[in-house]
Amino acid sequence: MKKRVAVLGATGSIGKSALEVITRGKDDFEVVLLSAHNNADELATLGRLWPDAAAVLSGGEGSPSQEGGRERLLAAIARCGADITLNGISGAAGLEPSMAAIEAGSALALANKETLVMAGPLVFQKAREKKVPIIPVDSEHSAVFHLIEAHGRDALDEIILTASGGPFRDYSPAEMETVSPQAALAHPTWNMGPKITIDSASMANKGLEVIEAARLFNLPPEKIKVVIHPQSIVHSMIRMKDGAVYAQLSRPDMRLPIHKALYQSEIPPSKEGAFSEFGRLDFDSLTLTFYPPDMEKFPLLDLAYETLKRGGLYPCAYNGINEAAVNAFLAGRIGFLDISRITRYVVDKDWSAEPGDIAAVLEADRQARAMAEKEIEGLKC
Ligand code: NDP
Ligand code: MG
């Protein structure tokens, strides 16, 4: 029987890659839901390619007699009957759709790292209650997930997340002060949506991934290391207690982790080789280098560790403030280094409350953004 798949954020970078994987595996999958936010034209095009799928645009407020876009999306997730939901929505907006999918009993193939950064414990509690798996799509976490699956959890000592270092890894702080959004959007190895690309340049993305890893693999911050690896070939590693280190290598192509998540490690034998081009490596001219991250130059990475240690709503606040600041940078309202200054400043408020439910998480996210916006206004260049 075909697996029923909901693709959230279908018009984005992850969404498009997911639809390519599904197209190749069309005997194995049926698309039941496609979502976009504002991009109505592209959603309509996708709707023509997948005529049996419901297509939902989540943007817009709706009218008094009509559901708002967000509610429309949550209702569609609840009733689409997906076996697995691929969440490729960008930013904090992905949290409620993730919860709706779990609530509906769907497995979750999760690219939206914000879901776990904002509300990891609550999300896993709900997933346990509903007995649904959460399978990471983020390339580093996919690597670690499948390495642990292969080598066992008992003898695991620590995980080592790789980071490309982004376009500014060799810049001085003075050079970073004046970089334009265009320069920050030019990622050396990955082609991704704007938010995550800016986060890669500031290393906030790796910070979010450290928090994501702590949630997914239930590890304390000191057991999660980060190493710069500019080639983006080694997607992450696990170090075992006996000293052995296992790594996952492939070309930087998100179709591979998406494929692994959608098939949930059960690749039908007939498909052998059909997807191998996604990550096929040529070893004839391969150089791999590694060096430690510069925490002073990229304070948002260090700050993510700090929020994890402080617990409560700190990681959620970090995510919301950074997202607001990144949007302001992309809009030309603040400079690149203001993103980390504002995030540091607002994170230092009191976020110690332990959220009891998703509503408390969303309220903290709203407050974090409002405080960030005040700082942005104060700084406006
Ligand atoms: P994109 O910006 O390319 O795509 C975002 C998608 O989400 C679009 O379909 C967009 O619709 C939709 N969307 C935007 N805002 C909202 C909203 N408020 N509510 C509902 N839907 C919305 O992002 P990416 O594909 O790059 O990233 C998606 C997620 O995956 C992020 O969490 C990112 O961190 C994660 N990720 C991405 C990787 C990548 O290679 N791109 C790698 C690892 C993780 P519309 O087109 O209408 O705006
Ligand atoms: Mg990643």
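Quick look at the structure, then. This is a predicted model, so every value here is computed, not measured. (Residues numbered from 1 in each chain as written. Chains lettered and ligands numbered in written order. Predicted model: local features only at pLDDT ≥ 70, side-chain atom pairs only at ≥ 80, totals over all residues. Heavy atoms only, no water.)

Some remarks on the pattern of salt bridges
Side-chain pairs of opposite charge can arise whenever the charged atoms involved come near each other.
Piece 1. Applying the stated criterion to the full structure yields 28 salt bridges.
Piece 2. A salt bridge links K126 to E129; the nearest nitrogen and oxygen atoms lie 3.4 Å apart. Remark: E129 and K126 occur in helix α5 (residues 114-130); sequence separation between them is 3 residues, near one turn of the helix.
Piece 3. For the salt bridge of R310 with E306, the shortest nitrogen-to-oxygen distance reads 2.6 Å. Taken together, the residues span about one helical turn, with R310 and E306 both in helix α12 (residues 299-310) at a distance of 4 residues.
Piece 4. Judged by its relative accessible area of 25%, E306 falls in the partly exposed class. (Salt bridge = Lys/Arg side-chain N within 4 Å of Asp/Glu carboxyl O. Helix = DSSP H or I, 4+ residues; strand = E, 2+ residues; numbered from the N terminus. Buried < 20%, exposed > 50% of the residue type's maximum accessible area, 1.4 Å probe, protein only.)

As for the coordination of the magnesium ion (ligand 2)
Piece 1. Only D138 (OD), E140 (OE) and E209 (OE) from the protein coordinate the magnesium ion (ligand 2), and they sit 2.1 to 2.2 Å from it.
Piece 2. For the magnesium ion (ligand 2), the single-chain donor residues occur in sequence as D-x1-E-x68-E. (Donors = N, O, S within 2.8 Å, 3.2 Å for Na, K, Ca; no water.)

Observations concerning the packing of aromatic side chains
Piece 1. Scanning the entire structure with this criterion turns up 4 aromatic pairs.
Piece 2. A centroid spacing of 4.8 Å and a plane angle of 45° characterise the contact between F168 and Y171, whose relative ring orientation is tilted.
Piece 3. Note on F168: relative accessible area 0%, which makes it buried.
Piece 4. The class of Y171 is partly exposed, set by a relative accessible area of 30%. (Phe/Tyr/Trp six-rings, centres within 6.5 Å; stacked < 30°, edge-to-face > 60°.)

A few points about the packing of α12 against helix α14 (residues 336-347)
Piece 1. Across the interface, α12 lies against α14 with an axial gap of 10 Å and an inter-helix angle of 20°. As the angle between them shows, α12 and α14 are arranged roughly parallel. The way α12 lies across α14 gives a crossing that is left-handed. Contacts between α12 and α14 involve P299, L300, L303, E306, T307 and R310 on the former and, on the latter, I339, S340, T343, R344 and V347.
Piece 2. Looking at the contact of α12 with α14 residue by residue, the classes come out as 5 nonpolar, 3 polar and 3 charged. (Axes fitted to C-alpha atoms, helices over the stretch in contact; angles between N-to-C directions. Parallel < 35°, antiparallel > 145°, perpendicular 65-115°, else oblique. Left-handed = near helix turned anticlockwise from the far one by under 90°. Contact = heavy atoms within 4.5 Å. Nonpolar A, V, L, I, M, F, W, Y, C, P; charged D, E, K, R; others polar.)

Digging into the site of ligand 1
Piece 1. The full set close to ligand 1 counts 25 residues, and T11, H37, N38, N39 and G193 are the nearest of them.
Piece 2. Here an oxygen atom of ligand 1 and a backbone polar atom of G12 are 3.2 Å apart.
Piece 3. Where the shell around ligand 1 is concerned, the elements lending two or more residues are α1 (13-24) and α9 (194-202).
Piece 4. Its residues placed into classes, the shell around ligand 1 shows 10 nonpolar, 12 polar and 3 charged. (Near = heavy atom within 4 Å. Polar contact = N/O pair within 3.5 Å; in protein donor to acceptor, adjacent residues only side chain to side chain.)

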